Amino acid sequence: MIEKEKLSILLKNTRKIVKHHNEIAKLKGERFNIFSILNMESKENETHSAFLGELLNPKGSHLMGYTFLQQFLEKVQHNKPFDITTATLTLEKFIGKRNDIDKVGGRVDIYIEDAHGNTICIENKIYANDQNVQIERYVNHNSSKNTVYYLTLHGDEPNEASKGNLNSGEHFFNLSYKTDITNWLNVCAKEAIEQPILRETIKQYNILIKKLTHTMNEKEPQELNAMILEYLNEAEYIAENFHNAITNIKENFRLAVFNELKHKLDDSHYDIKLGSDAKKGVYSQIWIFVKGRSIEQHYGLETFTGSPKGNLKGDLFIGILDSKWGKTGFLKEYNTEDNGFIKVNTGWVVAQKLTSSEGNINLSNNELLKKLGKTSSQFFEKTVQIVCKQVIEFITNTKELL
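As the structure is a computational prediction, the values presented were derived from the model and not from experiment.

K.L.:
Sorry if this is basic, but what is going on with the overall build of the protein chain here?
P.N.:
For the protein chain, the count of helices and strands is twelve helices and twelve strands. Here the protein chain holds 402 residues, and the buried ones make up 45% of them. Partitioning the contacts of the protein chain with sequence separation of at least 6, the portion at a separation of at least 24 is 60%. Here the protein chain displays about 21800 Å² of accessible surface, and carbon together with sulfur accounts for 51% of that area.

Below, the structure written as structure tokens:
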């Protein structure tokens, strides 16, 4: 039997630790982060591969030669021959036409090779999904002299479709931003002690990684671990129910938007249906079909999960999905600053982000979830109304496309 009093104590003490963590970050000036300000946090190639690649490149603008590469290989305990003095680095390296049957080819995020034919392939995953036989294809490349690293935020395994029967630690190696990259960046910052701009940029990037991996300062996890041990049953109870509590908020919001749209849109012209449940998977939608038109082309609101693995990194948007026409890509004539339309991917012909009074709506934002959790609140009702208004305006402005 879980005691409510102990639950209350655990939550209150945890809040104190989080508050202390935020206060320290504020005093250190860590709230000001150039990567966050420029909305570059989750861009795998443009931000993370580019930055890591620049540091690992012996000919990089850091002018530190192969120092950072050497430190990286030491940190990840690279155990194959590799001549860092002749190393060259290529981003998005083409290693042959992709062939999923023979399990070869593709483009490697970060590719390092030396003059003796030794190669290192780093597959960089922040939020993107694994490709079919991706790790197998990379492992098969230059197999006798190649090492493949699979880099994710928390050191996750690639899925079965990507790695097949290959084993991590034997055929390839898992790396995490949370430990491997942050530890390496700490060393890089020390090596760059006499280059203040380089040093502080590395620190800024490391702060971004800690934000993405929800990493606390050294003392805070110790306090939290001690508290969890003291209230172990209560902590387990919270962990078991956390997902349900969060997804219930998202699903309640989706159903409220759905019901309001059914009320506001003329049912003689539109057929509104619920897509995937917010409690399941990456995507969760509301579909709007225009009666008398092909069902292959319809409106969609996505994603009510807020998952960063979804389109637009989880930001909620309204768009036109077309399983045939959309394969030709986004309508370029609509991609203007004036109308605010955006590119999602092939399949979505045109789309527009949905916003509230506080900016983009992303249902992975804890502050937003706290406000939406009060379903009877003025904020909840106002946000539902704002979303529905934007949806109806979008339909009105794009009806000539259907």
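Read on, since the account is not over.
K.L.:
What am I meant to see in the nonpolar core here?
P.N.:
Among the nonpolar cores identified, the biggest contains 37 residues, and Leu 56, Phe 68, Phe 72, Ile 112, Tyr 177, Trp 184 and Ile 202 are the most heavily contacted of them. Other than its neighbours up to four places away in sequence, Ile 202 contacts Phe 51, Leu 55, Phe 68, Leu 185, Cys 188 and Ala 189. With 36 residues, the next largest nonpolar core counts Leu 354, Leu 372, Val 387 and Ile 395 among its residues.

K.L.:
Explanation requested: the environment of Gly 169 in the structure shown.
P.N.:
Relative to the helices and strands, Gly 169 is located in the loop between α6 (160-163) and β5 (173-176). Placed 20 residues apart in sequence, Gly 169 and Tyr 149 show a C-alpha to C-alpha distance of 9.7 Å.

K.L.:
Which parts of the structure should I look at to understand helix α4 (residues 67-75)?
P.N.:
Each α-helix winds once per 3.6 residues, and so residues spaced three or four apart point in a common direction. All of the buried residues in α4 are Phe 68, Leu 69, Gln 71, Phe 72 and Leu 73. Looking at the buried residues of α4, the elements they touch are α3 (44-56), β2 (107-113), β3 (119-124), β5, α7 (177-191) and α8 (196-212).

K.L.:
What is the right way to read the pattern of salt bridges from this model?
P.N.:
A side chain with one charge can pair with a side chain of the opposite charge if their charged atoms come near. Evaluated as defined, the whole model comprises 13 salt bridges. A salt bridge links Lys 203 to Glu 200, with the shortest nitrogen-to-oxygen separation between them at 3.8 Å. Of this pair, Lys 203 and Glu 200 are both found in helix α8, three residues apart, which corresponds to roughly one turn of the helix. The class for Lys 203 is partly exposed, based on a relative accessible area of 40%. The class of Glu 200 is partly exposed, set by a relative accessible area of 37%.

K.L.:
Please clarify how the side chain of Asp 83 should be interpreted in this entry.
P.N.:
Take Asp 83: it is sitting in the loop between α4 and β1 (88-94). Although Asp 83 lies buried, it forms no salt bridge, and the closest oppositely charged side chain, Lys 59, sits 11 Å away as judged by the N-O distance. With residues near it in sequence (within four places) discarded, Asp 83 still touches Asp 114 and His 116.

K.L.:
Which parts of the structure should I look at to understand the sheet that holds strand β7 (residues 285-290)?
P.N.:
Pairing between sheet strands relies on hydrogen bonds along the backbone, with the strands arranged either parallel or antiparallel. Strand order in the open sheet made by the five strands is β6-β7-β8-β9-β10, with antiparallel pairing throughout. With one partner strand each, in any of the chains shown, β6 (270-274) and β10 (348-353) form the two edges of the open sheet. Across the sheet, the mean angle separating the axes of adjacent strands is 20° when strand polarity is ignored. Two elements, β6 and β7, share five bridges in a ladder whose sense is antiparallel. Considered in β7, the bridge of Tyr 270 is made with Val 290.

K.L.:
I keep staring at the sheet that holds β3 and nothing clicks. Help me out?
P.N.:
Spatially, β1-β2-β3-β4-β5 is the arrangement adopted by the five strands of the open sheet, whose pairing is mixed. Of all strands in the sheet, those with a lone pairing partner are β1 and β5, marking the two edges. Strand-to-strand twist of the sheet, defined as the mean angle between neighbouring strand axes without regard to direction, takes the value 25°. Note: strand β4 (residues 146-152) against β5, four bridges, orientation parallel. Bridged to Leu 151 within β5 is Leu 175. The strands touched by α7 are β3, β4 and β5; relative to β5, the strand with the most contacts, the crossing angle is about 70°.

K.L.:
How should I be thinking about α3 in this particular structure?
P.N.:
The largest bend in α3 comes to about 30°, at Ala 50. Within α3, the full set of buried residues consists of Glu 44, Thr 47, His 48, Ser 49, Phe 51, Leu 52, Gly 53, Leu 55 and Leu 56.

K.L.:
Quick question: what am I supposed to make of the pairing of β4 here?
P.N.:
On a regular strand, one side chain projects to one face of the sheet and the next to the other, so that they alternate. Here β4 lies mainly inside the structure; seven of its seven residues are buried. Of the two faces of β4, the one carrying Asn 146, Val 148, Tyr 150 and Thr 152 and the one carrying Thr 147, Tyr 149 and Leu 151 are both buried. Relative to β4, β3 is paired through six bridges, and the arrangement is parallel. If you follow Asn 124 over to β4, its bridge partner there is Leu 151. A crossover links β3 with its parallel partner β4, the connecting element being helix α5 (residues 134-140), and its sense is right-handed.

About the cut-offs
Residues numbered from 1 in each chain as written. Predicted model: local features only at pLDDT ≥ 70, side-chain atom pairs only at ≥ 80, totals over all residues. Heavy atoms only, no water. Helix = DSSP H or I, 4+ residues; strand = E, 2+ residues; numbered from the N terminus. Buried < 20%, exposed > 50% of the residue type's maximum accessible area, 1.4 Å probe, protein only. Contact = heavy atoms within 4.5 Å. Areas by Shrake-Rupley, 256 points an atom, 1.4 Å probe, with all protein chains shown as cover. Core = buried A, V, L, I, M, F, W, Y, C linked by side-chain atoms within 4.5 Å. Salt bridge = Lys/Arg side-chain N within 4 Å of Asp/Glu carboxyl O. Lys, Arg positive; Asp, Glu negative; His and termini not counted. Pairing = 2+ DSSP bridges. Axes fitted to C-alpha atoms, helices over the stretch in contact; angles between N-to-C directions. Bend = angle between axes of the 7 residues up to and from the residue. Right-handed = clockwise from strand over helix to strand, strands pointing away.

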